[in-house]
Amino acid sequence: MALPLSYNWKNLAVRKVSTGLTVAGVAVVIFVFTALSAFVSGMERTLRVTADAANVTVLKQGATAESNSALTNEEIIALEAAPGRAAAAAEVVTIAALTRKGDKTGSWANVPVRGVTAESFAVHGRVRVVEGVSAEQFIADTGKWSVLVGRGAARQYEGLEIGGKIRLGFAGNDEFTVAGIFEAGGGVFESEIWGYRSHIMQVYNRRMYSSATVKASSPEAVKALIAYVEGPSVQLTGMSEKDYFEKQTESTKPFLFLSYGLLIFMGIAAGFAVANNMFAMVAGRMREIAMLRAVGFSKRSILVSFLIESLMLALVGGVLGCAAAIPLQFMSQDMIGGNNTFTAVVFTFDVGPRILATSMTLALVLGVAGAVFPALRAARTPVVTALRQV
Amino acid sequence: MNSFTLVRKNLLRNKLRTVLTLAAVALPMAMFAGASAVRQTMDDAFARAARELRLGVIQKVSLINLLPQSMRREIEAMDPARTLITAVCAVRWFGGQVPDVQYAFPSLAADADTFPIVYSDYGLEGRSLADWHKYKNAAIVGITTAQRLGWNEDQEVELKSTVPPYLSLRFRLVKVTSTGMNPAVFYFRRDYLDDALEEAEKKQGRSYGSGRVNIHWIKCRDASRMTELGEKVDRRFANTPDETKTQDESTFFASFIKAMGDIPTTVQYISAAVGIAVVMVVANTMSLGFRERTRETAVLRALGFPGSWVSRLVILESLMLVMIGATIGMIPTYLVLRYLPLAISVGPLTRITMSPDALGVGFVIAAVIAVPAGAVPAYQALRLRAADALRKVA
């Protein structure tokens, strides 16, 4: 016969302080775990969704990123003759120094500014203008000095709301108006500011393009396209968009490594804390347990009962920790994403169902791991000696 | 028997609990030590930067926008008597990499004549200084990079730039330096870079910005007048085609480090979370122990020990738990970081070490944490009514 659940929760309720402290301890660990994994996952999500399987990113040979690549007009013309391409967009990528929202320290972030054309919207199919003017209107109306800003950039930096004025250009004194906000499925492009290519080239004194994105007619045609780009007639560096963005995340690796190390440490420590509490619970109830055994409850049901009690603790701690982490999804952070470049990528915390489920699983694992030895001790309580004890 | 012995005996009474608590304290404290080592490494770098009295003049909008090299003469002309400025050195980002090696380090071209003065901390002197002036392709490299790539002095090395026109240049290493701001950096002569840039420009018929630079570093004479000088420089170039923004070296790097994922803030959050976790764990242990010893406490009170004395006993026990846990957690971290520094690459930070000072600060914080951890049972002890407690059956 199993012990009723009410036995467990009533026991927890009697030791309010200990129960509360253990729950709080588990909650802190689960919160930290959720926050770190939400950050890591947010970063991975941002870099993953950007890539389009049919796209090839083209850079100058020797360049490591769009921002340090330079392509000439002749090279773009050669690219446009590529066999098996559906669309091609030559773009210019530069940076603007913008202040983070609410940052009073006078530091700034290097926000990528992309000069685009109508073709850009064809190759970057995930980009959708969601507020303000439409993409068509934006492209058509080149008479106005306006820009579109990504959702992430709008969230992270000062002055990027619709109608807001920002200063771009080499000397930082060419005024542009924010005409719309676009989304790109949460990808890297959402960290950028998009302006009309001729404007951006003019105000930054650029005579060359930075990079080109060539869309293959199908994902299968990508290989042939890369071979053409790297071949004798073009002689540029081509890589799938996915490979390109993966390379750009190299610099974030130490950060991830550090985060996982911290998670493991915190988790083990929390396991000890839970075990401590459960041992105390068992020790304080030796006579009670012996009584339960004497009236006929099996060793197994005592063991299960204590595991359940610990799981209850962990469950409440886990829920509290996760709940505290949920508001993080409204926070964002920018970080240099790149290999020898200085441009910032804005990440949001991904507090999605997958992350929450992982955190809750960890909480329950902590509950079980911390309770195994105390529960075994409880189940093995020698009935006669324990009852005789004063 | 003094109170210290009593505390020790109390801790040893439930050995399993003490061990579990110590483990649950030691792990977070090890993390805490790691976090403060990061923090300290950073603060040290900033302090070192501040001591060098260098002001960096960059283009107003961005570091990547180039300034003319002639600006150096104009800055020097602002202080003809040289009461404020020792020397000005222009540097240009090269972004060199060793082909097919996944290792990034900063490589820059600097004015040959003033580099040894402005960057005196890198220790170019004697033969290495003579070689620097003698060979046009002379270069100086920090010890971290030299070790990583297996380079030695007087060796010839080749770097390929990652910025247009993606030059490949060969250098002669005149010194491997273990002093100076950045132990990963690679500096070479700017006249050598400009020759190569001009050649590329001639061959390809387009401009790659030869004769232009990313930063003019001003070595100052007087720390107290640096801000004033910086403002003066920015005013001098205001409303010209090349407006400037001047900052001291530590502000410059702080901004850079913030952009690399804002480690200072992250470290602070982690430390706070760790502190809270330790308080919880110890508070729990203390309240468990106190509950089991309620009758004993009542006996002590009945014998005439005042409540405050018993409370002190509780706090002392909490303090001892935290301190032992902190010792177990922090000493190994300290020893590991002291003798096997962690190699990283974040701006001027290349290795994380831990000083005895940081260890001391860790212990002070541990001691502070112990007080709230023992607070609840200490308060209960203070309020305990001996007669009621003695009457209660455990």
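Since the structure is predicted, the reported quantities are computational estimates derived from the model, not experimental observations.

### Overview of the overall build of chain B
Of the regular secondary structure elements, chain B holds 14 helices and 14 strands. Relative to the 2.2 N^0.38 estimate, which gives 21 Å for 394 residues, the radius of gyration of chain B is 30 Å and therefore markedly larger than a compact globule would have. For chain B, the spread of C-alpha atoms along the principal axes amounts to about 100 × 45 × 35 Å. Each of the 394 residues in chain B was classed as buried or not, and the buried ones make up 56%. Counted over contacts in chain B with a minimum sequence separation of 6, partners at least 24 positions apart contribute 78%.

### Considerations on the pairing of strand E7 (residues 156-161) of chain B
All names here are of chain B. Burial along E7 is one-sided: Val157, Leu159 and Ser161 are buried, while Glu156, Glu158 and Lys160, pointing the other way, are not. Here E7 runs beside strand E8 (residues 168-177); their pairing, made up of five bridges, is antiparallel. The residue of E8 that forms the bridge with Glu156 is Arg172. With antiparallel pairing between neighbouring strands as the criterion, E7 and E8 make up a hairpin whose turn holds six residues, including Tyr166 at a positive phi of roughly 55°.

### As for the packing of aromatic side chains
This structure, assessed with the given rule, holds 28 aromatic pairs over all chains. Seen in terms of ring centroids, A:Trp145 and A:Phe176 are 5.3 Å apart; in terms of plane orientation they differ by 65°. Their pairing is edge-to-face. Of this pair, A:Trp145 sits in the loop between helix H5 (135-140) and strand E5 (146-150) while A:Phe176 sits in strand E7 (residues 174-183), and the two are 31 residues apart along the sequence. Of the aromatic side chains, those joined through ring pairs into one cluster are B:Phe94, B:Tyr103, B:Phe105, B:Trp151, B:Phe171, B:Phe186, B:Phe188 and B:Tyr192. One residue, A:Lys10, lies across the ring of A:Trp9, its end atom 5.9 Å from the ring centre. It is B:Arg172 that lies over the ring of B:Tyr135; its NZ or CZ is 4.0 Å from the centre.

### As for the pattern of salt bridges
Residues and elements named next belong to chain B. Taken as a whole and assessed by the stated rule, the structure comprises 38 salt bridges over all chains. When the shortest N-O distance is used, the salt bridge between Glu52 and Lys219 registers 3.2 Å. Here Glu52 is found in the loop between helix H2 (15-51) and strand E1 (54-59), whereas its partner Lys219 is found in strand E11 (residues 215-220), with 167 residues between them in sequence. When its relative accessible area of 18% is taken as the criterion, Glu52 is described as buried.

### With respect to the interface of chain B and chain A
With 58 residues of chain B at the contact, the number on the chain A side is 55 residues. At the boundary of chain B and chain A, one finds one salt bridge. B:Arg206 is paired through a salt bridge with A:Glu74; the nearest N and O atoms lie 3.9 Å apart. One can count eight residue pairs in polar contact (both at pLDDT 80 or more) joining chain B with chain A. With 15 residues, the single largest contributor to the side of chain B that touches chain A is helix H10 (residues 263-292) of chain B.

### Thoughts on the nonpolar core
Core analysis: the biggest nonpolar cluster contains 110 residues, and B:Phe115 and B:Tyr187 have the highest contact counts within it. The leading source of residues in this core is H2(B), at 14 residues. Counting residues in each nonpolar core, the second largest holds 62 residues, with A:Val188, B:Tyr103, B:Phe105 and B:Tyr166 among its members.

### Observations regarding unusual backbone geometry
A cis amide bond links B:Pro164 to the next residue, B:Pro165, at an omega of 0°. In this structure, B:Pro165 sits in the loop between E7 and E8. Non-glycine residue A:Asn205 carries a positive phi angle of around 50°. Relative to the elements of secondary structure, A:Asn205 occurs in the loop between helix H7 (197-203) and strand E9 (211-216). Note on A:Asn205: relative accessible area 46%, which makes it partly exposed. A positive phi angle, close to 50°, is found at B:Leu53, a residue other than glycine. With respect to the helices and strands, the residue B:Leu53 is situated in the loop between H2 and E1.

### A few points about the confidence of the model for chain B
Low pLDDT means the predicted coordinates in that region are not meant to be read closely. Chain-level pLDDT for chain B is 88 on average; 96% of the residues reach the 70-or-more range. Summarising per-element confidence for chain B, the mean pLDDT is lowest in strand E13 (residues 342-346) of chain B (65) and highest in strand E9 (residues 186-189) of chain B (97).

### Considering the pairing of strand E11 (residues 332-336) of chain A
All names here are of chain A. E11 sits mainly inside the fold: five of its five residues count as buried. The alternating pattern of E11 places Ser332, Asp334 and Ile336 and Gln333 and Met335 on opposite faces, both of which are buried. Relative to strand E12 (residues 344-348), E11 runs antiparallel, the two sharing five bridges. Looking at E12, one finds that Met335 is bridged to Val345.

### Let's talk about helix H7 (residues 190-204) of chain B
Residues and elements named next belong to chain B. With 15 residues, H7 ought to run about 21 Å at 1.5 Å a step, and its terminal C-alpha atoms sit 21 Å apart, in line with that. Looking at H7, one finds that the buried residues are Arg190, Tyr192, Leu193, Asp194, Ala196, Leu197, Ala200 and Glu201. Looking at the buried positions of H7, the neighbouring elements they touch are strand E3 (85-93), strand E5 (107-110), E8, E9 and strand E10 (212-213). Of the residues one or two after H7, Gly205 is the one with positive phi, at around 65°.

Parameters and conventions
- Every chain is numbered independently, its residues counted from 1 as its sequence is written.
- Chains and ligands are labelled sequentially in the order written, the chains with letters from A and the ligands with numbers from 1.
- Selection of residues for local features in this predicted model requires a pLDDT of at least 70, selection of side-chain atom pairs for listing and counting requires 80 or more, and totals for whole chains, interfaces and linings are taken over all residues.
- The side-chain quantities take in all heavy atoms of the structure and omit both hydrogens and water.
- Starting at the N terminus, helices and strands are each numbered in turn, a helix being any DSSP run of H or I of at least four residues and a strand any DSSP run of E of at least two.
- Computation of the radius of gyration draws on C-alpha atoms, with the globule rule given as 2.2 Å multiplied by the number of residues to the power 0.38.
- Each residue's exposure class comes from its accessible area (1.4 Å probe, protein chains only) as a fraction of the maximum for that residue type: buried when under 20%, exposed when over 50%, partly exposed otherwise.
- The contact criterion used is simple: two residues touch if any of their non-hydrogen atoms lie within 4.5 Å.
- Pairing between strands requires that DSSP locate at least two bridges from one strand to the other.
- In this analysis, rings of Phe, Tyr and Trp, with Trp reduced to its six-membered ring, are considered paired at centre separations within 6.5 Å, and the interplanar angle assigns stacked below 30 degrees, edge-to-face beyond 60, and tilted for intermediate values.
- Counting as a charge over the ring demands two things of the Lys NZ or Arg CZ atom: a distance within 6 Å of the ring centre and an angle within 35 degrees of the ring normal.
- Salt bridges are defined by distance alone: a side-chain nitrogen of Lys or Arg within 4 Å of a carboxyl oxygen of Asp or Glu.
- Any pair of nitrogen or oxygen atoms within 3.5 Å is treated as a polar contact; in protein, a donor-acceptor pairing is required on top of that, and neighbouring residues in sequence qualify only through side-chain atoms on both sides.
- Put simply, a nonpolar core is a bunch of buried Ala, Val, Leu, Ile, Met, Phe, Trp, Tyr and Cys residues held in one set by side-chain atoms that sit within 4.5 Å of each other.
- Confidence scores per residue from the predictor, reported as pLDDT, run from 0 to 100.
- Working rule for helices: expected span equals 1.5 Å times residues minus one.

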